[in-house]
Amino acid sequence: AQVLTMAGGSAERPLAGPNLSSWTIIERGYVACVGDKIVAVGAMNELNLAHIGPETRLIDATGCVVMPGLVECHTHLVFGGNRADEFERKLRGESYLDILTSGGGILSTVRATRAASEAELLANALHHLEGFRRYGITTLEAKSGYGLDRDTELRLVRVAREAGHRQPVRVVPTFLGAHVVPPEFKEAGPRAYVDFMLREVLSDLKGEAAFVDVFCEQGAFPLAVARYYLEQAHKMGFGLKIHAEQLHDLGGCEMAAELGATSVDHCDYLTPAAAARIAQVSQGRTVAVLLPLVPLFLRQSQYAAGREFIDNGLPVALSTDFNPGSCPSKNLWLALSVACLKMGLRPKEAVAAATLNAAWAIGQQHDCGSLEPGKRADVLVLNVGSVAEIPYWLGENPVRDVVIGGQW
Ligand code: NIG
Ligand code: FE
């Protein structure tokens, strides 16, 4: 097969600049796995036939593309209900923030999530994970954020972890208790709410969630409160993430990068100049997670300046942002196509952004994101002939076979 290895990057930092597209493609290649690990990747004419025995399972991928499993680095996997009714409101002209201010949007999913049982939430999450797996997602980040009280937030993290144990896709939970201010804290305000989270919830998350995330936006958390919250979370040992520059430029991405954030997500209103400063202040370690299906679904004309970010040295990753409000799609392949069409990425860049750089965005780069000996055997066979075809077949699912941890 044409093997997209994503190999050759640094162990120190994600792929950036020209390196995002300079990784190795093997034109007539093979991938060999033993148990749950990759043991060799190379050209067919160098394949050591002595390693193939009666126990070896062969998957013929002649004429296909073989690549690492997709890494979905930003989802809101666990929630109750859906928001199909708001789709109509949006089509009539109401904006995302109008709907949120009127008590709908995220707050309507919070009501549905609080009302759901743990078993229902788990069943929904497993249903969605099954869908993701069909698209070739083999590792997935799952944020809480539709509970906004102590018990429900902890339940959402628990459900994400449990869902990860019940099926093969690896689930990495992130704590997004600071998604918006819940009605109970409307009077007291955002600072009082994050103080509550810091005091009552974060200490119970040690070992349960590696990352703390916050939505920095008008109608959610202002910059100063987001900074204070992330600083405190950092002191408690959590990795940092932020939803920022989605609808306005408030400076959230740069602030979080200064605090050492692992990723800054959305970035539609992030300027190329700020992107260059983020690359510098983070020494190329903070990943900008771009979510091209979100502006599409919110009918927004402003898309992240992906081309300029890459040219300015900022590492980028791609994700769907799967959630009931701003992206009810699990089709990461479609996100790759829209990233090429609306953000200026090239096919090789888009593929690396949804594998190795996405793994970096959730601290899983040692384990997945590329086809390299020692990594987990997460391998896809695609029904296309070359990397150029991947973002070309708009909206299709190119996946023929999915191998996760060596299991077909
Ligand atoms: O990443 N921006 C904030 N949070 C989610 C949307 C959540 C929702 O609308 O339910 C996002 O777009
Ligand atoms: Fe999100």
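Rules used in this analysis
Residues numbered from 1 in each chain as written. Chains lettered and ligands numbered in written order. Predicted model: local features only at pLDDT ≥ 70, side-chain atom pairs only at ≥ 80, totals over all residues. UniProt positions renumbered as here; feature names shortened; annotations may be inferred. Helix = DSSP H or I, 4+ residues; strand = E, 2+ residues; numbered from the N terminus. Near = placed C-beta within 6 Å. Nonpolar A, V, L, I, M, F, W, Y, C, P; charged D, E, K, R; others polar. Pairing = 2+ DSSP bridges. Right-handed = clockwise from strand over helix to strand, strands pointing away. pLDDT = per-residue confidence, 0-100. Domains from an automatic or database assignment. Contact = placed C-beta atoms within 7 Å. Buried ≥ 20, exposed ≤ 12 C-beta atoms within 10 Å, placed from the backbone. Core = buried A, V, L, I, M, F, W, Y, C linked by C-beta atoms within 7 Å.

As recorded by an unreviewed UniProt entry, the protein chain carries the name Imidazolonepropionase and is attributed to Hymenobacter sedentarius. Its UniProt record gives the protein chain a comment under Function (unreviewed entry), which states: "Catalyzes the hydrolytic cleavage of the carbon-nitrogen bond in imidazolone-5-propanoate to yield N-formimidoyl-L-glutamate. It is the third step in the universal histidine degradation pathway."

Student: Outline the environment of Arg191, listing residues and values.
Tutor: With respect to the helices, strands and loops of the structure, Arg191 is situated in helix α6 (residues 190–200). Sequence-wise, Arg191 and Val181 are ten residues apart; in three dimensions their C-alpha atoms are separated by 9.4 Å.

Student: Tell me about the site of ligand 1, and please be specific about residues and values.
Tutor: Near ligand 1, the surroundings consist of 13 residues, among which Ile106, Phe215, Asn323, Gly325 and Ser326 are the closest. Here the residues of the shell around ligand 1 sort into four nonpolar, eight polar and one charged.

Student: Give a description of the pairing of strand β11 (residues 263–266) that names residues and reports values.
Tutor: Pairing of strand β10 (residues 239–244) with β11, which is carried by four bridges, proceeds in the parallel orientation. Bridged to Ile242 within β11 is Val264. Handedness of the β10-helix α8 (residues 252–258)-β11 crossover: right-handed. With helix α9 (residues 272–281) bridging β11 and the parallel strand β12 (residues 287–290), this β-α-β connection has right-handed handedness.

Student: If you had to explain the confidence of the model for the protein chain to someone new, which residues and values would you point to?
Tutor: The predicted model of the protein chain averages 97 in pLDDT, with 100% of residues at 70 or higher. Taken together, the chains of this predicted complex give a pTM of 0.98 and an interface ipTM of 0.97.

Student: I'd love a proper account of the sheet that holds strand β5 (residues 65–68), names of residues and values included.
Tutor: Pairing is mixed in the open sheet, where five strands are placed in the order β2-β1-β5-β14-β15. Either end of the sheet is taken by a strand with one partner, and the two such strands are β2 (25–26) and β15 (399–403). Pairing of strand β1 (residues 2–4) with β5, which is carried by two bridges, proceeds in the parallel orientation. Pairing of Val3 across the sheet is with Val66, part of β5.

Student: Got a sec to walk through the domain arrangement of the protein chain? Specific residues and values, please.
Tutor: Here the domain parsing of the protein chain yields domain 1 (2–68 + 369–403) and domain 2 (70–361). The straight-line distance from the C-alpha centre of domain 1 to that of domain 2 is 28 Å. Counting residues at the interface gives 28 residues for domain 1 and 34 residues for domain 2. Only β5 and β15 provide two or more residues apiece to the side of domain 1 that touches domain 2. Grouping the constituent residues of the side of domain 1 that touches domain 2 by class yields 18 nonpolar, seven polar and three charged.

Student: Give me the lowdown on unusual backbone geometry, citing residues and values where you can.
Tutor: Excluding glycine, most residues fall at negative phi; most peptide bonds, likewise, are trans. Positive phi values are uncommon outside glycine, yet His266 reaches one of about 95°. Mapped onto the elements of the fold, His266 is located in strand β11. The exposure class of His266 is buried, given the 27 C-beta atoms found within 10 Å. In the Ramachandran plot, Arg299 falls in the positive-phi region, its phi being about 60° despite a non-glycine side chain.

Student: Now, about the nonpolar core: what can you tell me, with residues and values included?
Tutor: Counting residues in hydrophobic clusters, the biggest one holds 142 residues, and the most contacted among them are Val66 and Leu336. Element by element, the count of residues in this core is highest for helix α12 (residues 332–343), at nine residues. When residues are assigned to domains, this core turns out to be shared by domain 1 (2–68 + 369–403) and domain 2 (70–361), each giving three or more. Look past the residues within four positions of Leu336 in its chain and what remains in contact with it is Leu318, Ala350, Val351, Ala354, Ile390 and Pro391.

Student: Would you mind going over helix α3 (residues 106–115) in detail, with residue names and values included?
Tutor: Along α3, the residues that are buried comprise Ile106, Ser108, Thr109, Val110 and Thr113. Along its buried surface, α3 packs onto α2 (96–101) and α5 (150–166).

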